[in-house]
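Structure assessment
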Amino acid sequence: MERFGKAVVKFRIPILIIAILMLIPAGMGYLHTRTNYDILTYLPEDIETMKGQDILAKDFGTGAFSMVVVEGMKDKDISHMVEDMEQVPHVKSILWQGMLGSSFPEELLPDKFKNQLSNGDAKLLMVIYDSTLSSDDTMSAVEELRKIMNEKCFLSGMSAIVVDTKNLSDKEVPVYVAIAVLLSLIVLTLAMDSFLIPLFFLISIGFAVVYNLGSNVFRGEISYVTKALAAVLQLAVTMDYSIFLWHSYCDKKKASSDKYTAMADAISETLISVVGSSITTVAGFIALMFMSFTLGFDLGLVMAKGVIIGVICCVTVLPAMVLCFDRLIEKTSHRPLLPDMSKAGRWIVKHFYIFIILAVLLVIPAYYGQAHNKVYYNLDTSLPKDLPSIVGNEKLQENFEMNSTHIVMLNSELDRKSVKHFIEEVEAVDGVKQVLGMESLMGSAVPDELIPDKIKEILDDGEYKLIFILSEYKVATDEVNRQCDKINEILDKYDDKGMLIGEAPCTEDLIKITDSDFSTVNTVSIILVGVIILFVFRSLSLPVLLVSVIEVAIFINMGIPYYTGAVLPFIASIVIGTIQLGSTVDYAILMTNKYKVARNSGLDKVEAAGEALTGSINSIVVSALSFFAATIGVGMYSKIDMISSLCILMARGAVISMFTVVLLLPAVLRLFDGLIIHTSLGFSGVKDRKIERRNQYV
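Residues numbered from 1 in each chain as written. Predicted model: local features only at pLDDT ≥ 70, side-chain atom pairs only at ≥ 80, totals over all residues. Heavy atoms only, no water.

**A few points about the overall build of the chain**
For clarity, the cut-off: The helix count covers DSSP runs of H or I at least four residues long, the strand count covers runs of E at least two residues long, and both are numbered beginning at the N terminus. Throughout, a contact is declared for two residues whenever any of their heavy atoms are within 4.5 Å. To measure how exposed things are, a 1.4 Å probe is used in the Shrake-Rupley method; for residues, cover is taken only from the protein chains shown. In this count, Lys and Arg are taken as positive residues and Asp and Glu as negative ones, while His and the chain termini are left out. Here the site of a charge means NZ on Lys, CZ on Arg, CG on Asp, or CD on Glu.
Looking only at helices and strands, one finds 27 helices and 13 strands in the chain. With the C-alpha coordinates of the chain rotated into their principal frame, the extents come out at 110 × 60 × 35 Å. Within the chain, contacts between residues separated by at least 24 positions form 82% of all contacts whose residues are at least 6 apart in sequence. For the chain, the accessible surface area stands at approximately 29400 Å², while carbon and sulfur atoms represent 59% of it. Charged side chains of the chain number 60 positive and 78 negative; the gap between the two group centres comes to 13 Å.

Now the structure itself:
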């Protein structure tokens, strides 16, 4: 490590030059990394709904459709507009009441065809694309369609929601970074002993963020959730490393008049400490990669990579900048503005029983609350109500009492009589408003040869028949899930290889999969972090005690929404626990390490707990406040509830973990001192003194 520190100091100028030059390919990589705005694509590929989506794309050359509600327009005006809409690239066809033209005998059409696609002066158009739901081609087509449509037209559906999510997210993400940087700068200015050094912390972390985001080009794409959170979260969880390097450098300078030697020693010391500290954070993010819902893999991989890159930049780029601007940094030095908390630390240790009792009283209602939180899975719930796609969905419900659309794929060889009976049974299912299939639209009186090719291309490719089921139930509700189950029962009677696909069936799968992921991720994160603590302290008891302390903080954090009546996005209930555990267990490790040193130096358990708390409280507070600052502003600003909720939970979790470690951990260390000493190899000094005292009385 010493050789590495000396090498960084020696080549500080080349390191800075290389670091700056690396921003160019990293920036290019970031610009060429596609962002995926469709959460449902992260469902496992082997489930039936996703297989059906693939068949829809391959066999029908489509995978996406939008509903357009048109109010108060004459048929001839709609017809002209439809002609223009059909010219938009990647619009395959448009299904609407006037698509057959005047040449088709109207008396042959069933009343259903007329009634299903109109309601008074409102007409319903179904736009079918030749590309998948969230592809760039489909999103481009939606944008073009909106330019053609006037204020009387309202485009709804998942593709429209994806477009609005993209536009809103792309607009907000730069603001997230600006808010996180500004608030972090304020906290660091108060906590550090120089007005300028926080700026270099942020620049160094900024390099790491760009490298991390740029390296995602090798994956091809990342989710918009990962893109929105990556910079903010990387700033929050890696700031500690920069603070540690600076404090170490300042201490070494006091012992050495040569700043280069001091920095080399500081790098060596920091590298050892930071690697150990970062392992638990990386472990927390790795736990997310065990999710079946692969959004967790996406977020976990990017953030684990970000932490590692952050460590590298902390011991290379930051030291190089500090040495180059050392004089300027010294000129802006000042006394830290945070108060001395040593008196508070001694009071906390003295009254330890209060916090044990308080923890016992809080943990039961907190655990109950987090286990009974209300969670939403409907993706448009997280978006502002004034977005065009949300307005379009409301118009669809208002005019046609529709809230979701399912697609049934039937064997094309199934006879028309069976298909007719299938449709009749589906129409009788609770909540089904309309069924749009060739047999229901054209009726049995129309012979096959009279059915226009345009209709056949949309609804029958020779291998599968498509039937659209329009439901009054909203996605991700118990009602629509029961409806899908009933439709599947009917489908199995007529075609055991038939498939029900669409947003509602996919979301039902999402609910089942993420319920399982919750327990998997929590279990994996606890095991990984526990194993790391076991090796760090060579102890059987400390992994259980330290993880338990942070789990109390997690229960409190995740229990609050239940008592405030907040409804959380489904992803929050899965990822927050492991992120909070991985990123704040360092507070507990820091204090426990100081406790071990104090006990081995001859202090009794009360004195050691006091020494550990007073020696770590400032570092813990600064770390937690930095985490809080980087995330709370984004949580309060973002109009995307999924991003807002995640950031608020992370910000609150950091503060709760801070209070839990500062107030509860000293009491736990003091209370379980005997157990810790006899189940840990790192307390040999304490054991030896006990043996000596015992021998004195023999």
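**Topic: the pairing of strand β10 (residues 432-436)**
We apply this condition: Each residue's exposure class comes from its accessible area (1.4 Å probe, protein chains only) as a fraction of the maximum for that residue type: buried when under 20%, exposed when over 50%, partly exposed otherwise. We treat two strands as partners when DSSP finds at least two bridges between them.
The element β10 is largely enclosed, with a buried count of four among its five residues. Pairing geometry for β10 and strand β11 (residues 464-471), over four bridges, is antiparallel. If you follow valine 435 over to β11, its bridge partner there is isoleucine 469.

**Overview of the side chain of glutamine 234**
Inclusion rule: Within 3.5 Å is the distance limit for a polar contact, defined as a pair of N or O atoms, with the added protein rule that one can donate a hydrogen and the other accept it, and that residues adjacent in sequence qualify only through two side-chain atoms.
Mapped onto the fold, glutamine 234 is located in helix α9 (residues 224-255). Taking relative accessible area as the criterion, glutamine 234 reaches 0% and is therefore assigned buried. A polar contact of 3.1 Å, which involves the side chain of glutamine 234, links it to the side chain of asparagine 212. For glutamine 234, the residues in contact, after removing those within four places along its chain, are Ala208, Val209, Asn212, Leu229, Met303, Gly306 and Gly310.

**Digging into the pairing of strand β2 (residues 65-71)**
Among the seven residues in β2, seven count as buried, and that is most of the element. In β2, alternate side chains face the same way, and those of Phe65, Met67, Val69 and Glu71 on one face and Ser66, Val68 and Val70 on the other are all buried. For β2 and strand β5 (residues 122-129), the ladder comprises seven bridges, and the chain directions are antiparallel. Bridged to valine 69 within β5 is leucine 124.

**What about the sheet that holds β10?**
The strands that make up a sheet are held in pairs by hydrogen bonds between backbone atoms, and each pair lies either parallel or antiparallel. Which entries qualify depends on this criterion: Between N-to-C directions, angles span 0 to 180 degrees; the directions come from axes that are lines fitted to C-alpha atoms, helices contributing only their stretch in contact.
Read from one edge to the other, the open sheet built from four strands follows the order β10-β11-β9-β12, with strand pairing classed as antiparallel. Each of the sheet's edge strands pairs with one partner strand only, and the pair in question is β10 and β12 (499-502). Taking the axes of each pair of neighbouring strands and ignoring which way they run, one obtains an average angle of 25° across the sheet. The sheet strands contacting helix α20 (residues 478-494) are β9 (404-411), β10, β11 and β12, and the helix crosses β9 at an angle near 15°.

**Side note on unusual backbone geometry**
Of note, the phi angle at alanine 476 is positive, near 70°, even though the residue is not glycine. For alanine 476, the position within the fold is in the loop between β11 and α20. A residue is classified by how much of its surface remains accessible, and alanine 476, at 22% relative accessible area, is partly exposed. The backbone of arginine 538 sits at a positive phi, close to 50°, despite the residue not being glycine. Looking at the element boundaries, arginine 538 is found in the loop between α21 (503-537) and α22 (542-564).

**Here we look at the side chain of glutamate 172**
Quick note on the threshold: Any carboxyl oxygen of Asp or Glu within 4 Å of a side-chain nitrogen of Lys or Arg constitutes a salt bridge here.
Inspection of the secondary structure assignment puts glutamate 172 in helix α7 (residues 158-191). Although glutamate 172 lies buried, it forms no salt bridge, and the closest oppositely charged side chain, lysine 639, sits 5.6 Å away as judged by the N-O distance. At 2.5 Å, the side chain of glutamate 172 forms a polar contact with the side chain of tyrosine 176. For glutamate 172, the residues in contact, after removing those within four places along its chain, are Tyr637, Ser638, Lys639 and Ile640.

**Observations concerning the packing of aromatic side chains**
Convention followed: Between the rings of Phe, Tyr and Trp (Trp by its six-membered ring), a pair exists once the centres lie within 6.5 Å; its type follows the angle of the planes, with under 30 degrees stacked, over 60 edge-to-face, and the other angles tilted. Consider the ring centre and the ring normal. A charge sits over the ring if Lys NZ or Arg CZ is within 6 Å of that centre and within 35 degrees of that normal.
The tally for this structure, following the rule as stated, stands at 14 aromatic pairs. Each ring, one from tryptophan 347 and one from phenylalanine 355, has its centre 6.3 Å from the other, and the planes form 75°; the classification is edge-to-face. Judged by relative accessible area, which is 10%, phenylalanine 355 ranks as buried. Taking the centre distance of 5.4 Å and the plane angle of 15° together, the rings of tyrosine 377 and phenylalanine 570 count as stacked. Here phenylalanine 570 lies in helix α23 (residues 570-600) and tyrosine 377 lies in the loop between β8 (374-376) and α16 (388-400), a separation of 193 residues in the sequence. Phenylalanine 570 matches tyrosine 377 in its accessibility class, with the two residues each being buried. Among the aromatic residues, those joined into a cluster by ring pairs are Phe293, Tyr377 and Phe570. Over the ring of phenylalanine 154 we find lysine 395, and its NZ or CZ is 4.9 Å from the ring centre.

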